[in-house]
Amino acid sequence: MEIKDIRRLLDAVAAADVNEFSYETGDFKLTVRRSLRSNPDLVHGRSTDLEILCRGDSSLDSPPVPDVIPNLAGQSEASSVTPDLYEVRAPIVGTFYAAPAPEVPPYVKVGDRVEEGTVLCIIEAMKLMNEIEAERAGTVVEILVRNEEPVEYGQALFRIEPQ
Amino acid sequence: MEIKDIRRLLDAVAAADVNEFSYETGDFKLTVRRSLRSNPDLVHGRSTDLEILCRGDSSLDSPPVPDVIPNLAGQSEASSVTPDLYEVRAPIVGTFYAAPAPEVPPYVKVGDRVEEGTVLCIIEAMKLMNEIEAERAGTVVEILVRNEEPVEYGQALFRIEPQ
Amino acid sequence: MFKKILIANRGEVALRILRAARELGIQVVVAYSQSDESSLPVLLADEAICIGPAPASKSYLNVRNLLSAAILTGAEAIHPGYGFLAENAEFAQKCEEHNLVFIGPRPESISQIGDKANARRLALQAGVSVAPGSDPFAGIEEAYSIAESIGYPVMLKASAGGGGRGMRVVHSPSDLRRQVQRAQEEARASFGNPELYMERLIEEPKHVEIQVFGDGQGEVVHFFERDCSIQRRYQKVLEEAPSTLSAEVLSPVAKAAVRLAHYVKYRGAGTCEFLIDREGRFYFSEMNTRIQVEHPVTEMVTGFDLVQEQFRVAAGLGLSLKQGQIKTSGHAIEVRVNAEDPDSDFRPCPGTITDLHWPGGPGIRVDSHVYAGYRIPPDYDSLIAKIIAWAPTRDEAIPRLRRALEETVIDGVKTSIPFHLRVLDNAFYQRGAIFTDFVGRRME
Amino acid sequence: MFKKILIANRGEVALRILRAARELGIQVVVAYSQSDESSLPVLLADEAICIGPAPASKSYLNVRNLLSAAILTGAEAIHPGYGFLAENAEFAQKCEEHNLVFIGPRPESISQIGDKANARRLALQAGVSVAPGSDPFAGIEEAYSIAESIGYPVMLKASAGGGGRGMRVVHSPSDLRRQVQRAQEEARASFGNPELYMERLIEEPKHVEIQVFGDGQGEVVHFFERDCSIQRRYQKVLEEAPSTLSAEVLSPVAKAAVRLAHYVKYRGAGTCEFLIDREGRFYFSEMNTRIQVEHPVTEMVTGFDLVQEQFRVAAGLGLSLKQGQIKTSGHAIEVRVNAEDPDSDFRPCPGTITDLHWPGGPGIRVDSHVYAGYRIPPDYDSLIAKIIAWAPTRDEAIPRLRRALEETVIDGVKTSIPFHLRVLDNAFYQRGAIFTDFVGRRME
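Okay, so let's go over this structure. Fair warning: this is a prediction, and the values are worked out from it, not measured in the lab.

A tally of regular secondary structure across chain A gives 2 helices and 11 strands. N-terminal to C-terminal, the α/β element order of chain A is α-β-β-β-α-β-β-β-β-β-β-β-β. Evaluated residue by residue, chain A yields a buried proportion of 48% over its 163 residues. Put simply, of all contacts in chain A between residues at least 6 apart along the chain, 55% involve residues at least 24 apart. Accessible surface, chain A as shown: approximately 7,900 Å² in total, 49% of it carbon and sulfur.

If you want it as structure tokens, here you go:
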């Protein structure tokens, strides 16, 4: 199963308004559980975060779950899946750099607190270095892309729990 | 099973308003559970525990296509529509004659009682006159074809209410 | 030209005939069995008339109902397609008796040529070479002596044969009796006639056939050859035109086919099948007195519509073209897409097609009667589509066909497409080293 | 030949390019916008990369993202298709700067020829006749005097024009000022450049275009003409090849096109558009420096794959054929099936295609990126398919195309097919009496 298939599956799951979805074939298994809170009208809801388990598919070995989220840059659909997090997405096509130079530490790591405007990474395109900044203050929960990896438009880069 | 099939399955699940769906065939297994709250009527947990289990039947992939075949000569499907009647159908292609000759009265008319073996009409094919007989005793309720009309194989000719 | 015709067939060939008729402005009546009621030809017909229940013996082979249907709907002619009654001389005769034009050869041509042993004799009379062999033989002792004089290995064939049934290879005298018995049983079961004859086996031949067209007065043209060497159990899997053989080899074959068709004053479309050995010697094997499944490859390299030409000849308008006007250009390859599982010994897979997407783009032709939601009835053969690719050269036609097959989506049933892809990917196939033993020798 | 290319386009042309590449064994990267994620070219691609959100200005016109996508995926060349960046000299230039082959003409050719007024000058220098007219004019007074010297009626055109935008007919001096103002506004809005020039109006002309191909060194071949006279609001509706004009009229037109392409040492595929008046005089109007939407009709009558030829020329392999090898055979007609409602002033009808069945059989080609279940995004043009029919003659191609359109099922959206059927049924169309005013004069 390819990334885009999984991505389409997730779209379909979201659209179908199901609560839990699991898919298993051969040595491949996919489970999706959706937060009860995905429906804003619901009052009592523990935030069961989106949970994705993929095993046995080498194309997903690393990083764990990079591409799986639909590309919805500039929109906040992510909230429908992970209401308490926001995702920083690639605004351009290019190469992701976690640090300003090879020998220096990365701009941010998991657990770091960032302010609005904190530089999170660089995306290089056409020899131009584009600094990507946090839009809101919060804590870095996950980094979804590895250093020097190519990213497409709208690809999720960081998950940040807002303050 | 391909993604688009799964997607269609999900659509079907959504449309069917079921609560849980699981599908398993060979080494393939699919489970879908739906939020109770996605259906406002079910908020208070009056969940109809509809469970679909399909095993190894690839024909499930297809949406149920109504098999509307009107011409079913020699069978009694008509009973599904008019349970108390049976239909006499054309066993050959030809021209329907209600009477043995132009100037004489028809073999039968509506309201006539017929016995098993009563001649109901003639179908002419290739200059041969084929007498069509009643298979059971009863009362002629309806004559569905007009004199000298061409009939195709399996076409309903008479409706008869059995004794 | 006819105003209205009746199609006494089903599936892709019924649709093929319907298309040709419609383009000529002819009204179409489709005769169908109860299990074909929602088939595409029925849905597209000007009129459709049910002629019997699902079993072919009671519908597509039901002469009386077919003739009644034609008469009742006012059709002037009947197109039999291929299979079913297409090579039935009695049916052709009955059409004539009822003032219906049978779109095909005269009844007497069908019976003359339909008898394979007799067709051999006609070929010899017309000066066309046949494989060394026999007239039909009566007993096993005669079989031994004929086989001895021809020389082993020999091929047993049914006089009434076709489609590979009744055919058996015999390598030595010790095997003869058993194979004769089996072949006779098969021939009796398939054709109701156990008569056999035998021919010297041509080893590793190419199966090449010539498309001919006669006006019934003795004028005959040919539309060059098709190479049908890719076969599985004597069933064609993939056909192409032109053959990879040289013009020096092929030109005498086409001339021989024309000679035979001319000799019998053939009317309409016919195909003379030949085996060609590695030295380029060719042997007439049989003539099919109908349009062939694989006629589209000829249409794609010549540009002519052979079914429309059948209509013209049947309507008494004569041949619309002279030999000099018929040229071939480029290369065409057809695959027969069957609803069958190549991983389970090609077991037929009737069922409902849940999703369907045909290939498109340059050089691709699709002939198919199926659609998304269509249920393939279990009552007939498993052919669901012919996909044909044309390109300027064979080397371009192969990747084009490959690309088209990869684009094709047929969900709900298994198809033979994976097998076709394996043929196209085979290095022997790609360099044209294809003989009738290709599937057995190069793929299994 | 390239190992991997990137397609910087969407819809049917992206699929067309993908097919050509695949047949040549080239890997394909499809760059797509977020609203095209489930489009057929993306699903069929070897790799796909999202280059922006739905609006074309942010995706298919986003030069930086397209170049990054090509570089990151290791593509060696970019095929721009038609529309979007296909005739953007700056994009072609940027490709060169990043060592990416732009599959099209040199950037300087694009800018030379893209300026319509400049293209007129080049044509005159190459000895190709243009309609009597002007260099761009500055003020309205100059416009009056030019119009006076050319003679009314005149046609206003935008220097940066294309697709009919900025075009206006002026019948008398009293109308000139108003029409100049309107045309300037439209040209500014459409192209960011209000510059206009004018030409004498050719009354009731045929729109005939010549497909040319250059190797960039001065060698140029042509693939004969296409007749695109059937237009609605300057948009082509139906195209065919060959034209119904005689070879005596057409041969000098093709020679003129070759002369112009040779003069500018044109590289790759291009189309020279001409108007031909009732006396057979022809006037160059513009050159399109890309593959055209209607290129399949040329492919069907010549048998060559023009997109594959683009790849060969771009890869530096030169032209694969000489003029003498290019012949036409038969007649091809294409309709552009748009998702629009011909009963409601051709209003676009985006939506989801719920059921789909393409036509098949002899002589039919379908180029389409849609499938059953596909949602047509509202963000781009409404072309959903091209259906092309080929037959030995025009009189056979018309009923064949008609038959194919009648077989076509596209549920869920309205399409222009009913309008195409009306064109095919029109007696003036059938006898080839087609001029650019056909739709207005013969159908409304």
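Back to the text.
Moving on, we get to the packing of aromatic side chains. Going through the model one piece at a time under the given rule, you end up with 24 aromatic pairs over all chains. Their ring planes at 75° and their centres at 5.7 Å tell us that C:Phe274 and C:Phe282 sit as a pair that is edge-to-face. In this pair, the class of C:Phe274 matches that of C:Phe282, namely buried. Taken together, the ring pairs connect C:Tyr60, C:Phe84 and C:Tyr380 into an aromatic cluster. The ring of D:Phe435 carries D:Lys206 above its face, with NZ or CZ at 5.6 Å from the centroid. We note D:Arg232 situated over the ring of D:Phe346; from NZ or CZ to the ring centre the distance is 3.7 Å.

With that settled, consider the relation of the copies chain C and chain D. Here chain C sits on chain D after a turn of 180° about the axis and a move of 0.0 Å along it, with an RMSD of 0.0 Å. On the angle and the small slide along the axis, the relation comes out as a two-fold axis. For chain C, the residue whose C-alpha comes nearest the rotation axis is C:Arg365, separated from it by 3.5 Å. The fraction of interface residues of chain C whose copies in chain D are also interface residues reaches 100%, indicating that both copies meet through the same surface.

Right, let's talk about the interface of chain C and chain D for a bit. The partner chain D presents 31 residues to the 31 residues of chain C that form the contact. Here chain C packs against chain D, burying approximately 2,400 Å² in sum over the two surfaces, 54% of which is carbon and sulfur. Its largest share of buried area at the contact with chain D, chain C owes to C:Arg19, C:Glu23 and C:His357, together 24% of the area lost on that side. Counting the contacts that link chain C with chain D gives 10 salt bridges. Notably, a salt bridge pairs C:Arg403 with D:Glu23, separated by 2.8 Å at the nearest N-O pair. Linking chain C with chain D are 12 residue pairs in polar contact (both at pLDDT 80 or more).

All names here are of chain C. Mapped onto the secondary structure, Phe438 falls in helix α15 (residues 438-442). Residue class for Phe438 comes out buried when judged on its relative accessible area of 1%. The residues contacting Phe438, other than those within four sequence positions of it, are Ile230, Val423, Asn426, Phe428, Tyr429, Ala433 and Met443.

Residues and elements named next belong to chain C. Within strand β11 (residues 235-241), 6 of the 7 residues are buried, leaving the element largely enclosed by the surrounding structure. Two strands pair when backbone bridges link them, and strand β10 (residues 220-232) and β11 are joined in this way by 4 bridges, in the antiparallel orientation. In the sheet register, Ile230 faces β11, and the bridge partner there is Leu238. Once β10 ends, the chain turns through 2 residues before running back antiparallel as β11, passing Arg233 with a positive phi of about 50°. Here 4 bridges tie β11 to strand β14 (residues 331-338), and the two strands are oriented antiparallel to one another. Note on β14: the bridge partner recorded for Glu240 is Ile333.

What follows covers the packing of helix α7 (residues 140-150) of chain D against helix α8 (residues 173-191) of chain D. All names here are of chain D. In contact at an axis separation of 10 Å, α7 and α8 are set at 135° when each is read in the N-to-C sense. By the angle class used here, α7 and α8 are oblique. Where α7 crosses over α8, the handedness of that crossing is right-handed. Residue-level inspection shows Ile140, Glu141, Ala143, Tyr144 and Ala147 of α7 in contact with α8, the latter providing Pro173, Leu176, Arg177 and Val180. Per-class residue counts for the contact of α7 with α8 are 7 nonpolar, no polar and 2 charged.

What follows deals with the side chain of D:Arg226. Residue and element names in this part refer to chain D. Relative to the assigned elements, Arg226 resides in strand β10 (residues 220-232). Looking at Arg226, its side chain comes within polar contact range of the side chain of Gln211, at 3.0 Å. Each residue touching Arg226, except ones within four places of it in the same chain, is listed here: His207, Val208, Glu209, Gln211, Glu240, Ala241, Thr271, Gln292, Glu294, His295, Val297 and Thr298.

It is worth spelling out the pattern of salt bridges at this point. Residues and elements named next belong to chain D. Scanning the entire structure with this criterion turns up 92 salt bridges over all chains. Residues Glu204 and Arg278 are paired through a salt bridge, measuring 2.4 Å at the closest nitrogen-oxygen approach. Placement of the pair is Glu204 in the loop between β8 (196-200) and β9 (206-215) and Arg278 in the loop between β12 (267-276) and β13 (282-288), with a sequence separation of 74 residues. On the basis of relative accessible area, Glu204 is assigned to the buried category, the value being 15%. Judged by its relative accessible area of 56%, Arg278 falls in the exposed class.

What counts, and at which threshold
- Residues numbered from 1 in each chain as written.
- Chains lettered and ligands numbered in written order.
- Predicted model: local features only at pLDDT ≥ 70, side-chain atom pairs only at ≥ 80, totals over all residues.
- Heavy atoms only, no water.
- Helix = DSSP H or I, 4+ residues; strand = E, 2+ residues; numbered from the N terminus.
- Buried < 20%, exposed > 50% of the residue type's maximum accessible area, 1.4 Å probe, protein only.
- Contact = heavy atoms within 4.5 Å.
- Areas by Shrake-Rupley, 256 points an atom, 1.4 Å probe, with all protein chains shown as cover.
- Phe/Tyr/Trp six-rings, centres within 6.5 Å; stacked < 30°, edge-to-face > 60°.
- Lys NZ or Arg CZ within 6 Å of the ring centre and 35° of its normal.
- Least-squares fit on C-alpha atoms with pLDDT ≥ 70 in both.
- Buried area = accessible area lost by both parts, 1.4 Å probe.
- Salt bridge = Lys/Arg side-chain N within 4 Å of Asp/Glu carboxyl O.
- Polar contact = N/O pair within 3.5 Å; in protein donor to acceptor, adjacent residues only side chain to side chain.
- Pairing = 2+ DSSP bridges.
- Axes fitted to C-alpha atoms, helices over the stretch in contact; angles between N-to-C directions.
- Parallel < 35°, antiparallel > 145°, perpendicular 65-115°, else oblique.
- Left-handed = near helix turned anticlockwise from the far one by under 90°.
- Nonpolar A, V, L, I, M, F, W, Y, C, P; charged D, E, K, R; others polar.

Geometric values such as these leave the question of function open.
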